[in-house]
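Descriptive structure summary
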Amino acid sequence: IPALATEPRFAQRLREYLEEEQLLDGRYRLQEVPGGRVALPVLEEKLDRLRLPQEMPCGLIRIQVGRDPPSSALPWGVGVSAPRATSLPQDPVPSRAARWRKPAQKLQDELRRLLGESWSEELERDVPHAWQRHGDLVLLGEDSFRAAQWEKLGPVLWETVASALGAQRLARRGRVLPDGMRSPSVTLLLGQDGWVEHVDNGIRYTFDVTKCMFSPGNITEKLRVASLPCSGEVLVDLYAGIGYFTLPYLVHAAAAFAHACEWNGHAVEALRRNLALNGVQDRCRVHHGDSRQVSSADQPRSLRPHTASPSPPLSFQLELRDVADRVNLGLIPSSEEGWPVACRVLKKSTGGVLHIHHNVETLPAPASTQTSVLQAERGSPGGASLSDGEARHTTGDSRKEAQGARIRPGWQRWAEATAARIRGLLSELHGQPWRTSIQHIEAVKSYAPHVHHLVLDLECRPALP
């Protein structure tokens, strides 16, 4: 960073002059430098305009920001007292205003400085205002930096972006691939690899952002799962991913054992690492393959999924039955193809609870019906209650079951239809009546206009004779 070093008695006059001439670099504070002098940062791109009165003797220096001194000297303006710039191996001190700048504003300022007169409104619209941060890696949105002019800058663009955002590595999202695994399309822009570590609710997750998805929008459901009473239970997680829900069940909800099923090889690698990172690898068995594949002997006609399954990545048959107290079906937009397997792995003698994820579309209700608002209560005969209001996302203690969430009629209808279908699947599978009870409907997040990601907690028990 170029700066003018002068005696303390001249510092205020010099500052006023630099401010008047718009030469002072407001990103950094005045700071002391060796020799009892005070350094005032100046804008490097305006050094050719530097004309100082003789009564303010000063010397041009460069404060290094942790880099080697440059091989060439800086130019000198009239009135500057030495022929070459002196490099000082100390970091510049950011100004108070710079420290308080929002990251998005800081990014835009740095890019504007980089481009100079080439800056335009089109480029400004192309600069992101939000991103995901995973440790020292920042993941940019797919629509950022798409203008052709950015490409001309080469690596300096990504170095500038990373520096402005306090990152060491950069990546940019693309669209989720239509491969049935929700594989991300992510390009690494700066750095050697995409492995990152993320901490949610005290649980460590490591994964490769270029190979695996991580949804921060599911944090409310992960927190809810962590609070469920699962002590001594066996969990089957049919779509485990990197352990989004498997780990909260094991680490916080105290499940005795988990069977984690996942067909994406990259996610399986991350899952195994995460189990070890959190010290629960001995309480989990990983099943690598498509857990929806069920042999015809185990699958009566009515248990077959309504839609065709894509080919599994491995030759795999999930050999689990009659083991689970609880089954997690965390696949959206629909986990319906996994319902037959979920029915098969539930304990035949006692049943258990299914946590069924689904994207449910509901059209806005007429204004005249927007008055009745009831609460969904755990253990009620009909399960969730009706509401025409918006879903109320709860936090903290209000997540406890008794307080529930406001439920729309469309959500209730979906839950009741799902409960009826699961009841039929279980009855046909075991040759005896079963009962299902809606315990809770959780609204995780809005997925699209009039589409919500819901989780149905469905208790399933064999009917007593």
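This is a predicted model, so every value here is computed, not measured. (Residues numbered from 1 in each chain as written. Predicted model: local features only at pLDDT ≥ 70, side-chain atom pairs only at ≥ 80, totals over all residues. Heavy atoms only, no water.)

Let's shift gears to the overall build of the protein chain. Helices and strands together make up the secondary structure of the protein chain, namely 11 helices and 18 strands. In the protein chain, which comprises 465 residues, the proportion classed as buried is 49%. Accessible area of the protein chain: about 22600 Å², with a carbon and sulfur share of 50%. (Helix = DSSP H or I, 4+ residues; strand = E, 2+ residues; numbered from the N terminus. Buried < 20%, exposed > 50% of the residue type's maximum accessible area, 1.4 Å probe, protein only. Areas by Shrake-Rupley, 256 points an atom, 1.4 Å probe, with all protein chains shown as cover.)

To continue, consider helix α11 (residues 409-430). When the terminal C-alpha atoms of α11 are compared, their 32 Å separation across 22 residues agrees well with the 32 Å that a helix rising 1.5 Å per residue should span. A positive phi of about 70° marks Gly 431, the residue just after α11. (Expected span 1.5 Å × (residues − 1).)

Bringing helix α3 (residues 103-115) into the picture now. Compared with the 18 Å implied by 1.5 Å per residue over 13 residues, the 18 Å span of α3 between its first and last C-alpha is a close match. Considering only its buried residues, α3 is in contact with α4 (121-125), α5 (148-153) and α6 (155-165). Looking one or two residues past α3, Gly 116 carries a phi angle of roughly 60°, positive in sign. (Contact = heavy atoms within 4.5 Å.)

This part covers the confidence of the model for the protein chain. Here the protein chain shows a mean pLDDT of 79. Residues at 70 or above account for 75%. Between residues 66-85, whose pLDDT stays under 50, and residues either more than four places distant or in other chains, the model counts 39 contacts. Long-range and interchain partners of residues 367-405, a stretch whose pLDDT sits below 50, account for 80 contacts in this model, where long-range means more than four residues apart. (pLDDT = per-residue confidence, 0-100.)

Every other side chain in a regular strand lies on the same face of the sheet, so the side chains alternate between the two faces. Neither face of strand β12 (residues 234-237) is left uncovered, since the one carrying Val 234 and Val 236 and the one carrying Leu 235 and Asp 237 both have all their residues buried. With four bridges joining them, β12 and strand β13 (residues 257-262) adopt parallel strand pairing. Directly across from Asp 237, in β13, lies its bridge partner Ala 260. (Pairing = 2+ DSSP bridges.)

Turning next to the pattern of salt bridges. If the charged atoms of two oppositely charged side chains come close together, the side chains can form a pair. Inspection of the entire model under this criterion finds 16 salt bridges. The residue Arg 224 makes a salt bridge to Glu 442 at a minimum N-O spacing of 3.9 Å. Of the two residues, Arg 224 sits in helix α7 (residues 219-226) while Glu 442 sits in strand β17 (residues 434-448), which places them 218 residues apart along the sequence. Arg 224 is the partner of Asp 457 in a salt bridge, and the nearest nitrogen-oxygen pair spans 2.6 Å. Here Asp 457, found in strand β18 (residues 451-462), pairs with Arg 224, found in helix α7; they are 233 residues apart in sequence, far enough to count as distant. (Salt bridge = Lys/Arg side-chain N within 4 Å of Asp/Glu carboxyl O.)

Here Trp 158 is to be found in helix α6. Residue classification places Trp 158 among the buried residues on the basis of a relative accessible area of 15%. Filtering out sequence-adjacent residues up to four positions away, Trp 158 remains in contact with Leu 140, Phe 145, Leu 170, Arg 172, Leu 189 and Leu 190.

Quick look at the packing of aromatic side chains now. The geometry of two aromatic rings is summed up by the distance between their centres and the angle between their planes. Counted by the stated rule, this structure contains two aromatic pairs. On the basis of an interplanar angle of 85° and a centroid distance of 5.0 Å, the ring pair of Phe 145 and Trp 150 is categorised as edge-to-face. An aromatic cluster of three or more residues is present, and its members are Phe 145, Trp 150 and Trp 158. Over the face of the ring belonging to Tyr 205 we find Lys 222, whose NZ or CZ atom lies 5.2 Å from the ring centre. Over the aromatic face of Trp 195 sits the side chain of Arg 273, whose NZ or CZ is 3.7 Å from the ring centroid. (Phe/Tyr/Trp six-rings, centres within 6.5 Å; stacked < 30°, edge-to-face > 60°. Lys NZ or Arg CZ within 6 Å of the ring centre and 35° of its normal.)

Right, let's get into the side chain of Lys 445. Here Lys 445 lies in strand β17. For the buried Lys 445, which has no salt bridge, the nearest side chain bearing the opposite charge is Glu 221, at an N-O separation of 9.8 Å. Within the structure, Lys 445 has its side chain in polar contact with the side chain of Asn 218 (distance 2.8 Å). (Lys, Arg positive; Asp, Glu negative; His and termini not counted. Polar contact = N/O pair within 3.5 Å; in protein donor to acceptor, adjacent residues only side chain to side chain.)

A cis amide bond, omega 15°, links Ile 332 with the succeeding residue Pro 333. Locating Pro 333 in the fold gives a position in the loop between β15 (326-329) and α10 (339-345). Not every positive phi belongs to a glycine, and Gln 22 is a case in point at roughly 55°. Here Gln 22 shows up in the loop between α1 (8-20) and β2 (31-33). A positive phi angle, close to 50°, is found at Asn 201, a residue other than glycine. Turning to its location among the elements, Asn 201 is positioned in the loop between β10 (195-200) and β11 (203-208).

This part covers the sheet that holds strand β9 (residues 186-190). Pairing within the open sheet is mixed, and its four strands lie in the order β6-β7-β8-β9. Lying at the two open borders of the sheet, with one neighbouring strand each, are β6 (132-134) and β9. Each neighbouring strand pair of the sheet contributes to a mean axis angle of 25°, computed without reference to strand direction. (Axes fitted to C-alpha atoms, helices over the stretch in contact; angles between N-to-C directions.)

Here we take up the sheet that holds β17. Reading across from one edge, β14-β13-β12-β15-β16-β18-β17 is the order of the seven strands in this open sheet, with mixed pairing throughout. Edge positions in the open sheet fall to β14 (284-288) and β17, since each of these has one partner strand only. Strand-to-strand twist across the sheet, computed as the mean angle between neighbouring axes with direction ignored, equals 15°. Where strand β16 (residues 352-361) lies against β18, 10 bridges are found, and the strand directions are antiparallel.

What follows covers the side chain of Arg 62. Of note, Arg 62 is situated in strand β4 (residues 58-63). Polar side-chain contacts of Arg 62 include one of 2.9 Å to the side chain of Glu 44.

Turning our attention to the environment of Cys 58. Of note, Cys 58 is situated in strand β4. Along the backbone, Cys 58 and Ala 11 are 47 residues apart, and their C-alpha atoms lie at a distance of 9.5 Å.

Another point: the packing of α3 against α6. Where α3 meets α6, the closest approach of the two axes is 9 Å, and the angle between their N-to-C directions is 145°. Between α3 and α6 lies a crossing of right-handed hand. Facing Pro 103, Lys 106, Leu 107, Glu 110, Leu 111 and Leu 114 of α3, the residues of α6 in contact are Val 156, Leu 157, Thr 160, Val 161, Ala 164 and Leu 165. Grouping the constituent residues of the contact of α3 with α6 by class yields nine nonpolar, one polar and two charged. (Left-handed = near helix turned anticlockwise from the far one by under 90°. Nonpolar A, V, L, I, M, F, W, Y, C, P; charged D, E, K, R; others polar.)

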